[in-house]
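The residues making up each chain are set out below.
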Amino acid sequence: MILSDQSPVTHSEPLPPATDVVVIGGGVIGACTAWYLAGAGLRVLLCDKGRIAGEQSSRNWGWVRQQGRDPAELPIMMESNRIWQGLAADIGEDVGFRQHGVLYIAESREDSERHEAWVRLATEHGLESILLTPDEIRSRLPGLQGNWLGGVITPSDGRAEPFEAVPAIARACAGRGVVIRENCAVRGLETGGGRVSGVITEDGAVACDSVVLAGGAWSSMFLGSLGIRFPQLTVKSTVARTAPVADFYPGNAACANLAFRRREDGGYTIAPGDIHEHSLSCDSLRYAVPFIQVLKQSWHETRLRMDGGSPGGHCYTRRWPLDGESPFERQRVLNPRPDPAVMERLNRSLAQRLPALAGTTLVESWAGMIDTTPDVVPVIDRVGAIPGLVLGSGFSGHGFGIGPAAGRILADLVQGNAPGHDLGRFRFGRFSDGSPIEPGPAL
Ligand SMILES: Cc1cc2nc3c(=O)[nH]c(=O)nc-3n(C[C@H](O)[C@H](O)[C@H](O)COP(=O)(O)OP(=O)(O)OC[C@H]3O[C@@H](n4cnc5c(N)ncnc54)[C@H](O)[C@@H]3O)c2cc1C
């Protein structure tokens with residue numbers, strides 16, 4: 001159920017010679033930005049080097065989660081939750097959004113303290129989040145095995161079907177007049193009069209006033225070609241889904257080594273939640289210093305690999321001629337292989353924690369390459385060095401849920417409107433102006 005370069009091309013409209021805004025990247029961030037820009041009456045071209053939602057945006061767990069968010073992200077995520085509630089009606093298609101809550105299980109004193117702190121933050125924001133006793137967890141999740149101290153649930157949190165939702169948003173964009181082109185890499189920008197004046201795509205040049213870079217794991221490479229440093233690395237995460245089974249829990253839940261959510265097809269999306277792999281590349285060295293803190297925090301969860309699995313491989317070029325093939329065309333869709341060792345561990349966790357699911361067939365497994373920043377929160381900002389360029393990237397493993405509100409904000413930044421939230425934490429300049437790097441919560 002993931003999208004890849006094997007999926008049919010569904011958007012291949014001719015390139016216009018000129019438009020108002022070019023959005024680079026057809027993931028959830030680019031698609032939602034295009035939706036709001038077109039809603040404001042602007043002419044929009046949305047280009048993806050591969051497929052709409054081919055990378056992270058069809059491969060994620062589908063959690064639409066306010067719970068556990070960074071304090072600065074929370075108001076934006078609460079807006080996004082409201083947008084998700086009305087999204088199907090807005091775009092005219094079901095996106096699988098259902099509100100059955102996100103539940104975290106506390107298996108250590110530190111987990112419980114984190115949950116208590118979270119509930120205080122949620123309460124300050126008027127968001128209902130409830131601490132649960134061990135018995136309350138047992139009654140909500142009767143099949144779950146283990147010793148836990150308690151847990152926390154945010155009932156208004158939800159889930160959606162990523163591989164359906166993002167293509168549906170793209171179809172709605174097309175309905176609003178957005179020109180969408182798959183298999184169309186944007187190789188670089190053109191500038192004139194000290195600002196963005198157009199893009200060069202593999203299919204030709206398009207003049208425009210503004211560009212939104214929503215390139216997911218590729219944004220650092222794109223900006224690098226313009227001489228702009230964006231510290232961003234990737235980690236691979238393996239996921240699987242079960243065949244349809246009896247509904248033992250309708251929402252999303254996570255304990256120490258297992259995360260799961262109910263799917264609309266009657267199965268469960270499951271993942272280990274506490275393991276990811278980082279493929280060492282030149283960027284690992286280039287950005288080692290800003291990432292040291294987050295690496296220390298997640299050391300026990302990170303497996304280092306030498307398999308060239310990062311975008312662009314071990315060491316990619318930061319310069320390419322705009323009239324020749326770029327790295328974006330050489331790797332249309334990042335489609336990493338799920339890790340067999342992680343799959344084995346996942347099967348063991350299922351047997352230990354959810355015996356009811358242990359014998360169930362895992363009908364599909366896949367992996368996704370998560371793009372992350374040193375402080376695990378995105379950049380949502382104008383790029384000062386190039387007026388007309390706006391960056392929405394680095395969503396660090398939690399961009400699906402926040403996508404609709406992030407898209408609304410990015411569209412307002414393009415138009416020079418007030419964003420409606422304090423975006424200080426998401427400034428691009430924080431990585432270059434000496435600001436301390438303060439990693440937010442990862443899950
Ligand atoms: C396994 C996994 C589980 C996750 N679980 C969750 C979850 O439960 N909840 C949640 O909120 N988030 C989750 N996430 C994170 C979430 O999926 C991402 O944060 C989000 O999808 C990022 O969206 P994006 O649009 O920024 O990037 P992507 O979806 O990666 O899209 C970027 C697009 O840009 C295109 N592109 C790049 N460069 C160019 C170029 N030069 N020209 C044209 N196109 C270009 C790419 O082809 C790609 O399609 C998870 C991620 C993974 C991988």
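First things first, this report covers the structure right here in the doc. The residue numbers shown here count from 1 along each chain, following its written sequence. Totals for whole chains, interfaces and linings use every residue, but because this is a predicted model, local features are given only for residues with pLDDT of at least 70 and side-chain atom pairs only at 80 or more, for both listing and counting. Neither water nor hydrogens contribute to the side-chain values; these are computed over all heavy atoms in the structure.

### Some remarks on the packing of helix α3 (residues 74–91) against helix α13 (residues 399–415)
Then, number 1: Where α3 contacts α13, the axes come no closer than 8 Å and their chain directions differ by 100°. When the axis of α3 is compared with that of α13, the two are roughly perpendicular. Every residue of α13 that contacts α3 at Ile 76, Met 77, Glu 79, Ser 80, Ile 83 and Trp 84 is listed here: Phe 400, Gly 401, Ile 402, Gly 403, Pro 404, Ala 405, Arg 408 and Ile 409.
Then, number 2: Each residue is assigned to one class: nonpolar for Ala, Val, Leu, Ile, Met, Phe, Trp, Tyr, Cys and Pro, charged for Asp, Glu, Lys and Arg, and polar for all the others, Gly among them. For the contact of α3 with α13, a count of residues per class yields nine nonpolar, three polar and two charged. Between the N-to-C directions of two axes lies an angle of 0 to 180 degrees, each axis being a line fitted to C-alpha atoms and, for a helix, fitted only over the stretch in contact. Labels follow the DSSP assignment, with helices taken as runs of H or I lasting at least four residues and strands as runs of E lasting at least two, numbered in each case from the N terminus. Note that the term roughly parallel is reserved for angles under 35 degrees, roughly antiparallel for angles over 145, roughly perpendicular for angles of 65 to 115, and oblique for everything else. Two residues qualify as a contact provided that any one of their heavy atoms is within 4.5 Å of a heavy atom in the partner residue.

### Some details on the packing of aromatic side chains
Then, number 1: Centres within 6.5 Å are what make two rings of Phe, Tyr or Trp a pair, Trp counting through its six-membered ring; a difference in plane orientation under 30 degrees is then read as stacked, over 60 as edge-to-face, and the rest as tilted. Per the stated rule, a full pass over the model turns up 12 aromatic pairs.
Then, number 2: Ring geometry for Phe 230 against Phe 428: centres 5.8 Å apart, planes inclined by 75°, an arrangement best described as edge-to-face. With Phe 230 in the loop between α7 (219–225) and β13 (233–242) and Phe 428 in the segment after α13, the pair connects residues that are 198 residues apart, well separated along the chain. You'll find Phe 230 and Phe 428 in the same group, each marked buried.
Then, number 3: Judged by centre distance (6.5 Å) and plane angle (80°), the rings of Tyr 249 and Phe 260 are edge-to-face. Of the two residues, Tyr 249 is situated in the loop between β13 and β14 (252–255) and Phe 260 in strand β15 (residues 258–262); the sequence distance between them amounts to 11 residues. Throughout this description, buried means an accessible area under 20% of the type-specific maximum (1.4 Å probe, protein chains only), exposed means over 50%, and partly exposed covers the range between.

### Comments concerning the state of the cysteines
Then, number 1: Count a disulfide wherever a pair of cysteine sulfur atoms falls within 2.5 Å. Under the defined criterion, the tally for this structure stands at one disulfide.
Then, number 2: Across the disulfide, Cys 282 is cross-linked to Cys 315 (sulfur-sulfur distance 1.5 Å). Negative torsions about the S-S bond denote left-handed disulfides, and the value of about -70° found for Cys 282 with Cys 315 makes this one left-handed. Here Cys 282 is found in helix α8 (residues 282–286), whereas its partner Cys 315 is found in the loop between β18 (302–305) and α10 (327–330), with 33 residues between them in sequence.
Then, number 3: We note that Cys 173 lacks a disulfide partner, and the nearest cysteine sulfur, in Cys 32, lies 7.6 Å from it.

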